[in-house]
Amino acid sequence: MANIKAVIGSFAAVLVVAAVMAVVGTVYTYHHKPPPPSSSDDPTSIKSLCGQTDYSQLCMRTVGDHVNSSTAAAAQPKALIRAAFEAAVVSVADAHRLIDNVSAGAADEFNRNAFADCKSLLEFATEELQAAIAESDDVARKADDIKTWLSAVLTYQETCVDGITQPELQDAMRKGGMETASQATSNAIAFVDVLSPLLDSFNLTSSGRRSLSAEEGKHPSWLSQRDRKLVAAQSRGELRPNVVVAQDGSGDFRSINQALKAMPENYAGRYVIYVKAGVYKEYVMVTKDMNRVFMYGDGPRKTIVTGSKNFVDGVGTMNTATFAVVGQGFIAKSMGFSNTAGPQKHQAVALRVQSDMAAFFNCRMDGYQDTLYVHAHRQFYRNCVISGTVDFIFGDSAAVLQNCLIIVRRGMDGQQNTVTAHGRKEARSTTGLVIQNCRIVPDKRLFPDRLRIPSFLGRPWKAYSRTVVMESTVGDLIRPEGWMPWDGDLYLDTLYYAEYGNRGPGAGTSGRVKWRGFHVIDKPTAQRFTVNSFIQGNQWIPYAGIRFLGGLKF
């Protein structure tokens, strides 16, 4: 998310104004403070545009007033989009200021830590909003990226509130500021959806910004010569790491954290870390400044990072992760990540991924509850093994799991199993969880009781939870109804759960839930959830050196 301003020539500027005057209508007058729009305004006026958001009154109070009162605002969609982004920035800042007041009532260390996490999350949110503003001049071509970042902002806001366990403090944060921040961010996504096609129709994007895509079979122009060599070396199985980690002292460092700390600031290109076989008992964080790290091991059962932090022992869910990734463009190959806390310790994350355009190949994630936290942004998993019991693939990212083995384990007595729990809170968010051409099976301890202990494909963690299982083999452990409610009828009308082209004894849909939000979809609909369509994988996964299927298998 480079913070680079696009420059548009005078001819393009004139064309924008002409186009918007004809198409958008009067969204701004030359009065210093124009009257509020009336019902007779052009259907594409600011009032009508706000009417296409989910929170139109807030839109008129923020975006409408901002545009109509700003003498610098031009009559063009870019000004409207920027105003929507800036309204979200203001609302997040208000929520951030609220933390100090509300956190004073925290009764224990757990909640004090939760508010510290909340501050960090809202700082991430502000950075992503600033990145969206920086790209607002090129919004037509960068729409997918921008909506990904805005969706992550929604995720951070909700993660902030979820971490607080004192009900009165959680309620104060949600109603005091986070609800408004969430609504303003949703409105910003709506403006991108509505206005970016207008800009695209006139091809009004900067010619100076590098493209993420490339012609078939060619590298994009922005890929450095070093990275091109790296991609070629990956394809041949020949890699020269920057540093080697080995517990026996045969490498440059004995721990993964030491290798990460040795990464130079503002490093250009991929930073390659080879982690030799061994069990590494350490908690690893790939920070936001560590971009484009490529880490590989000797195999998911040979190179293992392990820990046991958990919720029962007083650690917030996101901080229980044995291995956490924030920096963009992270790639992992042939490594294992585990949390050994056990089912009785409840939330205990093995791997948390916040990185945008993150890819995992031939990796293994083992745990019980909340094993794989697909926290935010676009993620891809190929040929991986993920095991667990309750909600063991969860989060609010746009993630595709392809050709993976999903193992349902035996938990505590009386406990039901749920493979997924997706956390999309707003309908505008671009997030969702896709399981494609995977196998869902019981482990050997669950197998004898697999028909007695209920197992489900997922349950809705948030109102607009979205999960698609397609072209996968579903074992007979999955109950005929397929999906489990979260709390009675909560979210059953707003969620989006879908199945397409699955096989196996647990794949039949005749006995599936009759919820309004459940769908057996057709091929054109399933195509929307493929790697290329859903996470724009063709633009970034090839440069991770990972094989993938961009569309449907059949």
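Computed from a prediction, not measured in an experiment: that's the story for all the values here.

J.: How should the sheet that holds strand S23 (residues 466-470) be read in this particular structure?
T.: Neighbouring strands of a sheet are bound in pairs by backbone hydrogen bonds; such pairs are parallel or else antiparallel. The 11 strands are arranged S1-S2-S5-S8-S11-S14-S17-S20-S23-S25-S26 in an open sheet whose pairing can be described as parallel. Bordering the open sheet on either side are strand S1 (243-245) and strand S26 (518-520), each of which pairs with just one other strand. Each strand axis lies, on average, 10 degrees off the axis of its neighbour in the sheet, ignoring direction. In the sheet, S1 pairs with strand S2 (residues 271-275) via 3 bridges, with the strands oriented parallel. For Val-243, the partnering residue across the bridge sits in S2 and is Ile-273.

J.: Teacher, can you tell me more about the nonpolar core here?
T.: Most often, soluble globular proteins keep nonpolar side chains buried together rather than apart. Among the nonpolar cores identified, the biggest contains 63 residues, and Val-63, Phe-85, Leu-150, Met-173 and Phe-191 are the most heavily contacted of them. For this core, the leading source of residues is helix H4 (residues 77-103), giving 13 residues. In this structure Phe-191 touches Ile-46, Leu-49, Cys-50, Thr-53, Cys-59, Val-63, Leu-80, Ile-81, Ala-84 and Ser-196, once residues within four positions along its chain are discounted. Among the nonpolar cores identified, the runner-up in size contains 60 residues, and Ile-256, Ala-259, Phe-360 and Ile-393 belong to it.

J.: In this structure, what is going on with the sheet that holds strand S12 (residues 364-366)? I would like to understand it.
T.: Judged by pairing direction, the sheet is parallel, and its 8 strands sit side by side in the order S3-S6-S9-S12-S15-S18-S21-S24 without closing on themselves. With partners counted over all chains shown, the strands left at the sheet margins are strand S3 (278-280) and strand S24 (473-474), one partner each. Across 3 bridges, the pairing between strand S9 (residues 336-339) and S12 is parallel. Along S12, the bridge assignment pairs Gly-336 with Arg-364.

J.: When you look at the packing of H4 against helix H5 (residues 109-134) in this model, what are you seeing that I'm missing?
T.: When two helices pack together, their arrangement is captured by the angle between the axes and the distance separating the axes. Remark: H4 packs on H5, axes separated minimally by 10 Å, with the N-to-C direction vectors making an angle of 165 degrees. The orientation of H4 relative to H5 falls into the category roughly antiparallel. Remark: the crossing between H4 and H5 carries left-handed chirality. Contacts between H4 and H5 involve Arg-82, Phe-85, Glu-86, Ala-88, Val-89, Val-92, Ala-95, His-96, Ile-99, Asp-100, Val-102 and Ser-103 from the first element and Phe-115, Cys-118, Lys-119, Leu-122, Glu-123, Ala-125, Thr-126, Leu-129, Gln-130, Ala-132 and Ile-133 from the second.

J.: Honestly, the layout of surface pockets in this entry has me stumped. Any pointers?
T.: Regions of empty space are outlined by a rolling probe, equal in size to a water molecule, passed over the atoms. A volume near 880 Å³ is recorded for the second largest pocket. As for the second largest pocket, its lining consists of 45 residues, and the residues nearest its centre are Thr-159, Asp-162, Gly-163, Thr-317 and Trp-461. Taken together, the elements giving at least two residues each to the lining of the second largest pocket come down to H5, helix H6 (143-162), helix H7 (167-201) and strand S16 (390-395). When the residues that make up the lining of the second largest pocket are grouped by side-chain class, the tally is 18 nonpolar, 16 polar and 11 charged.

J.: I keep staring at the pairing of strand S20 (residues 432-436) and nothing clicks. Help me out?
T.: As a general feature of sheets, a regular strand has side chains that alternate between the two faces. When you tally the buried positions in S20, you get 5 out of 5 residues, the bulk of the element. Where strand S17 (residues 398-402) meets S20, 5 bridges bridge the pair, whose relative direction is parallel. Looking across to S20, one finds that Val-400 is bridged to Val-434. The sheet contact formed by S20 and S23 spans 4 bridges and is parallel. Each residue of the ladder has a partner; that of Ile-435, found in S23, is Val-469.

J.: Looking at this structure, how should I read H5?
T.: Residues lying three or four places apart along an α-helix face the same way, a consequence of the helix completing one turn every 3.6 residues. Taking 1.5 Å per residue, 26 residues should reach 38 Å; H5 reaches 38 Å between its end C-alpha atoms and fits that length. Its side-chain oxygen at 3.3 Å from the backbone nitrogen of Phe-110, Asp-108 defines the N-terminal cap of H5.

J.: What exactly am I supposed to notice about the state of the cysteines here?
T.: Under the criterion given, the structure shown has 2 disulfides. Sulfur-sulfur distance for the disulfide between Cys-50 and Cys-59 comes to 2.0 Å. The chirality of the disulfide connecting Cys-50 with Cys-59 is left-handed, given an S-S dihedral of about -65 degrees. What makes Cys-59 buried here is its relative accessible area of 0%. Shown here is the disulfide that connects Cys-118 with Cys-160, its sulfur atoms set 1.6 Å apart. Disulfide Cys-118-Cys-160: the torsion about the S-S bond is -50 degrees, which places it as left-handed. In this pair, Cys-118 sits in helix H5 while Cys-160 sits in helix H6, placing the two residues 42 residues apart along the sequence.

J.: Help me understand the pattern of salt bridges in this model?
T.: A side chain of one charge can pair with a side chain of the opposite charge if their charged atoms are brought near each other. The final tally for this structure, using the stated rule, is 22 salt bridges. In this structure, Arg-97 and Asp-94 form a salt bridge, with 2.2 Å as the shortest nitrogen-oxygen distance. One end of the pair, Arg-97, and the other, Asp-94, are both in helix H4, 3 residues apart, so they sit about a helical turn from each other. In this structure Arg-97 comes out as exposed when scored by relative accessible area, which is 52%. Overall, the relative accessible area of 39% leaves Asp-94 in the partly exposed class. Salt-bridge contacts for Asp-145 lead to Lys-142; the nearest nitrogen and oxygen are separated by 3.0 Å. In terms of burial, Asp-145 and Lys-142 fall into one category: buried.

Calculation notes
Residues numbered from 1 in each chain as written. Predicted model: local features only at pLDDT ≥ 70, side-chain atom pairs only at ≥ 80, totals over all residues. Heavy atoms only, no water. Pairing = 2+ DSSP bridges. Helix = DSSP H or I, 4+ residues; strand = E, 2+ residues; numbered from the N terminus. Axes fitted to C-alpha atoms, helices over the stretch in contact; angles between N-to-C directions. Core = buried A, V, L, I, M, F, W, Y, C linked by side-chain atoms within 4.5 Å. Buried < 20%, exposed > 50% of the residue type's maximum accessible area, 1.4 Å probe, protein only. Contact = heavy atoms within 4.5 Å. Parallel < 35°, antiparallel > 145°, perpendicular 65-115°, else oblique. Left-handed = near helix turned anticlockwise from the far one by under 90°. 1 Å grid on protein atoms, 1.4 Å probe; cavity = no way out; pocket = protein on both sides within 12 Å on 5 of 7 lines; lining within 4 Å. Points joined across faces, edges and corners; volume = space filled by probe spheres on them. Nonpolar A, V, L, I, M, F, W, Y, C, P; charged D, E, K, R; others polar. Expected span 1.5 Å × (residues − 1). Polar contact = N/O pair within 3.5 Å; in protein donor to acceptor, adjacent residues only side chain to side chain. Disulfide = S-S within 2.5 Å. Salt bridge = Lys/Arg side-chain N within 4 Å of Asp/Glu carboxyl O.

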